[in-house]
Amino acid sequence: MVWILLSSGTVVLLIAAITKKNNEHCVKIEIDIAGVQNNFFIDKKDVLGILQKTNGGSLEMKPLNSIDLALMETELQKTQWIMFLR
């Protein structure tokens with residue numbers, strides 16, 4: 001009986017966590033550009049424009065589960081002035 005209660009509680013908590021995660025929205029967008037002595041060939045406005053174009057509009061207040069991060073990364077990598085450091 002105890003095992004049944006523990007497993008039921010675990011399932012309920014898991015469902016609650018998934019529901020909460022799916023309902024979160026993008027609150028803020030941070031773009032960090034590093035360069036040599038502030039000589040940038042692309043600025044934050046350009047990067048934000050690419051991201052918004054890729055997602056069909058503003059990212060703020062958009063549900064997190066509807067944002068395609070892989071597609072955004074692919075589109076940014078197509079830009080010759082952007083280099084990803086890992």
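Just above sits the structure.
Scope of this entry: the structure provided in the associated data block. (Residues numbered from 1 in each chain as written. Predicted model: local features only at pLDDT ≥ 70, side-chain atom pairs only at ≥ 80, totals over all residues. Heavy atoms only, no water.)

### Structural notes on helix α1 (residues 2–22)
Counted at 1.5 Å a residue, the expected span for α1 with its 21 residues is 30 Å, and the 30 Å between its end C-alpha atoms agrees. Burial within α1 is sparse, with just zero of its 21 residues counted as buried. (Helix = DSSP H or I, 4+ residues; strand = E, 2+ residues; numbered from the N terminus. Expected span 1.5 Å × (residues − 1). Buried < 20%, exposed > 50% of the residue type's maximum accessible area, 1.4 Å probe, protein only.)

### Overview of a nonpolar patch on the surface
The grouping of Val2, Trp3 and Leu6 at the surface amounts to a nonpolar patch, some 400 Å² of accessible area in total. Turning to its location among the elements, Trp3 is positioned in helix α1. (Patch = residues over 30% accessible without salt bridge, like charges linked within 9 Å, V, L, I, M, F, W, Y side chains within 5 Å. Areas by Shrake-Rupley, 256 points an atom, 1.4 Å probe, with all protein chains shown as cover. Salt bridge = Lys/Arg side-chain N within 4 Å of Asp/Glu carboxyl O.)

### Looking at the nonpolar core
Generally speaking, nonpolar side chains in soluble globular proteins are found buried as a group. Grouped together as the largest cluster of nonpolar side chains are 10 residues: Cys26, Ile31, Ile42, Val47, Leu51, Leu59, Ile67, Met72, Leu76 and Ile82. If we skip the residues at most four places from it in the chain, Val47 touches Ile31, Ile33, Ile42, Leu76 and Ile82. (Core = buried A, V, L, I, M, F, W, Y, C linked by side-chain atoms within 4.5 Å. Contact = heavy atoms within 4.5 Å.)

### Quick look at unusual backbone geometry
At Met61, a position not held by glycine, the phi torsion is positive, near 65°. Looking at the secondary structure, you find Met61 in the loop between α2 (44–55) and α3 (69–77). On the basis of relative accessible area, Met61 is assigned to the exposed category, the value being 57%.

### What about the pattern of salt bridges?
Per the stated rule, a full pass over the model turns up two salt bridges. With a closest N to O distance of 3.7 Å, Lys28 and Glu30 form a salt bridge. Here Lys28 falls in the exposed class, since its relative accessible area comes to 61%. Put simply, Glu75 and Lys78 hold a salt bridge, and the shortest N to O gap is 3.1 Å.

### Concerning the packing of α2 against α3
Packing of α2 against α3 leaves a shortest axis separation of 10 Å and a crossing angle of 130°. Overall, the two elements α2 and α3 adopt an arrangement that is oblique. Along this stretch, α2 crosses α3, giving a crossing that reads as right-handed. In this structure, α2 uses Val47, Ile50, Leu51, Thr54 and Asn55 to contact α3, whose residues at the interface are Leu71, Met72, Glu75 and Leu76. Taken together, the residues of the contact of α2 with α3 sort by class into six nonpolar, two polar and one charged. (Axes fitted to C-alpha atoms, helices over the stretch in contact; angles between N-to-C directions. Parallel < 35°, antiparallel > 145°, perpendicular 65-115°, else oblique. Left-handed = near helix turned anticlockwise from the far one by under 90°. Nonpolar A, V, L, I, M, F, W, Y, C, P; charged D, E, K, R; others polar.)

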